[in-house]
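Read off the chains here:
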Amino acid sequence: MFMTERTGGSDVGAIETTARREGDHWLLNGLKWFCSNVDARAIATLARPEGAPPGVKGLALFLVPHTRRDGTPNGIHVRRIKDKLGTRVVPTGEVDFVDCEGYLLAGSDDPEAAYDGRGINRMMEMVDTSRLGVATMGLGIMRRAFLEAAIYAARRVAFGQRIWEYAPVQETLVRMAVEVEAALALVLEAAQAGTMTGYGERLYRVLVPLAKMRATRRGVELAVQAVETIGGNGYIEDWPTARILRDAQCHTLWEGTENIICLDVLRAARKEQAHEALLDRIDAALAAAGHLPEAEVVRRERLAAERAFRYVLAAQPREAQLKLRRAVEYLADVTQAALLLEAAAWQRDTDGSERGRVVARIFARERLQQPVARGIEDGDVTVLRHFEDIVCYRRVAEG
Ligand SMILES: Cc1cc2nc3c(=O)[nH]c(=O)nc-3n(C[C@H](O)[C@H](O)[C@H](O)COP(=O)(O)OP(=O)(O)OC[C@H]3O[C@@H](n4cnc5c(N)ncnc54)[C@H](O)[C@@H]3O)c2cc1C
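For clarity, every value in this text was computed on a predicted model and none was experimentally measured. The numbering scheme is per chain: residues are counted from 1 as the chain's sequence reads. Predicted model: local features are reported for residues with pLDDT of at least 70 only, side-chain atom pairs are reported and counted for 80 or more only, and whole-chain, interface and lining totals are derived from all residues.

1. Overview of the overall build of the protein
Our working rule: Strands here mean DSSP runs of E at least two residues long; helices mean DSSP runs of H or I at least four residues long; both are numbered from the N terminus. Every radius of gyration here is taken over C-alpha atoms, with the globule rule written as 2.2 Å times N^0.38, N being the number of residues. Exposure classes come from backbone-placed C-beta atoms, where a residue is buried if 20 or more other C-beta atoms lie within 10 Å of its own, exposed if 12 or fewer do, and partly exposed in between. In this description, a residue-residue contact is defined by the distance between C-beta atoms placed from the backbone, which must lie within 7 Å.
Across its full length, the protein holds 11 helices and eight strands. By the compact-globule yardstick of 21 Å for 399 residues, the protein fits well, its C-alpha radius of gyration being 24 Å. With the C-alpha coordinates of the protein rotated into their principal frame, the extents come out at 75 × 50 × 40 Å. Relative to its full complement of 399 residues, the protein shows a buried share of 43%. Long-range contacts, defined as pairs at least 24 residues apart, comprise 71% of the intrachain contacts of the protein with a sequence gap of at least 6.

Quick look at the structure:
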């Protein structure tokens, strides 16, 4: 998928690549600035057909094969391979299209379909799928970072004790495990919505950006925590954590930066009322978890998050811009907490374990409650009491 140009990855409407009709195909000319999997056999790309208006509405979607129909190489010239911070196993290049043979992807052979203003929508269908893929990458990074940190801490000895006996290390590992489970719940929920129609499509529309934003950001955070839990060795290339940290940083960027992802949530809310589908899903999860005492705080925060999001929807553009990210993060927090509670209720009813409840309680406390004096004086030591239950995935008899 070669979309980004020098003029910008977020501002897709600024694309300068042109497309000229030539018999039954098109000739594309322009410079694509970020092209991962640069030697792909087939490329989906956006270009502006001759005479089309400026902005996103003037763009059309094309398929560019690696070779022309006569078997000769297509006009795809790799200027250079970029020297990247991470994701080095996937080469990313700068590519010139020079009279590059392309085929219109518009569901019709009529060349006029190139001017129907829907090229960007067709591309976004693919982007939604790849955003879910990137969310999964963030999740994978989280889980690997947690495992590397936990396994190392279980063996490393300092001051005569394994470091995982120390309370601060226990707190770090518990927080990591809880975040992995909260992100997993969100990503799987998005994937599940992708298999549904009607209401599920609106849910998918909002869950994919939420999952992408949340899992990739936490991926970076957990990668940092893994490096620090391992200590100096974590910073050295002999251990996997240095690479994990470099790779993690890419996922918050490609397929849309966090700000752009938040704008996408806003668009989904304005155009498709996708937030209403999300609120319904949160309510269903909370109804399933209604008998758990932890549901009360999440129910209260769900109402506040809805109010805050509606405020942003109605706010003046500058204020809406300023507060959008906070509102979207709030929605993500509430969604994750509700899904964790739903899973906790299921776990309790299925095998009698209270582990899910403890996980949901820690998550809600971290992300939704603001305890007085940061909770230092409240005597709560849940993370120490349940350290091995959570980090070693044990059954919990009493929450
Ligand atoms: C390793 C790597 C591989 C990549 N591979 C591909 C690829 O294969 N195909 C492809 O098409 N692209 C690819 N990209 C490009 C990637 O999708 C873009 O870098 C990304 O979308 C951001 O675009 P940009 O770099 O032009 O930054 P800009 O769009 O210039 O954004 C810079 C900053 O401004 C902020 N910003 C921009 N507009 C707004 C706004 N309206 N409101 C608030 N903030 C805003 C952004 O959030 C960001 O923080 C790749 C990038 C990387 C790093």
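2. Concerning the packing of helix α1 (residues 119-155) against helix α3 (residues 199-230)
This is how it is decided: All axes are obtained by fitting lines to C-alpha atoms, using only the stretch in contact for helices, and the reported angles, taken between N-to-C directions, cover 0 to 180 degrees. Any angle from 65 to 115 degrees is called roughly perpendicular, while one under 35 is roughly parallel, one over 145 is roughly antiparallel, and all others are oblique. Here is the rule for handedness: rotate from the far helix to the near one, and if that takes an anticlockwise turn smaller than a right angle the crossing is left-handed, while a clockwise turn gives right-handed.
Contact geometry of α1 with α3 gives a least axis separation of 7 Å together with a crossing angle of 25°. Between α1 and α3, the angle falls in the class roughly parallel. Judged by the sense of rotation from one axis to the other, the crossing of α1 with α3 is left-handed.

3. With respect to the site of the ligand
This is how the line gets drawn: Here is the check we use: build the C-beta atom from the backbone, and if it is within 6 Å of the molecule or strand, call the residue near. All amino acids are sorted into three groups, where Ala, Val, Leu, Ile, Met, Phe, Trp, Tyr, Cys and Pro are nonpolar, Asp, Glu, Lys and Arg are charged, and the leftover types, Gly among them, are polar. Marked domain ranges trace back to an automatic or database domain assignment.
What surrounds the ligand is a group of 21 residues, the closest being Met-3, Gly-9, Ser-10, Phe-34 and Ser-36. Within the residue set of the shell around the ligand, elements represented by two or more residues are β2 (25-36) and α5 (258-272). For the shell around the ligand, the element with the highest residue contribution is β2, accounting for three residues. Split into classes, the residues belonging to the shell around the ligand amount to nine nonpolar, 10 polar and two charged. Shared between two domains, the shell around the ligand takes at least three residues from each, and those domains are domain 1 (12-116) and domain 2 (125-391).

4. Comments concerning the packing of helix α2 (residues 167-193) against helix α9 (residues 355-367)
Two elements in contact, α2 and α9, have axes whose closest approach is 10 Å; the angle formed by their N-to-C orientations is 100°. Between α2 and α9, the angle is such that the two are roughly perpendicular. Facing α2, whose interface residues are Val-174, Arg-175, Val-178, Glu-181 and Ala-182, α9 presents Val-359, Ile-362, Phe-363 and Glu-366. Of the residues in the contact of α2 with α9, the class split is six nonpolar, no polar and three charged.

5. With respect to the domain arrangement of the protein
When cut into domains, the protein gives domain 1 (12-116) and domain 2 (125-391). If you average the C-alpha positions of domain 1 and of domain 2, the two centres end up 36 Å apart. On the domain 2 side, the residues contacting the four residues of domain 1 number six residues. Classifying every residue of the side of domain 1 that touches domain 2 by side-chain character gives two nonpolar, two polar and no charged.

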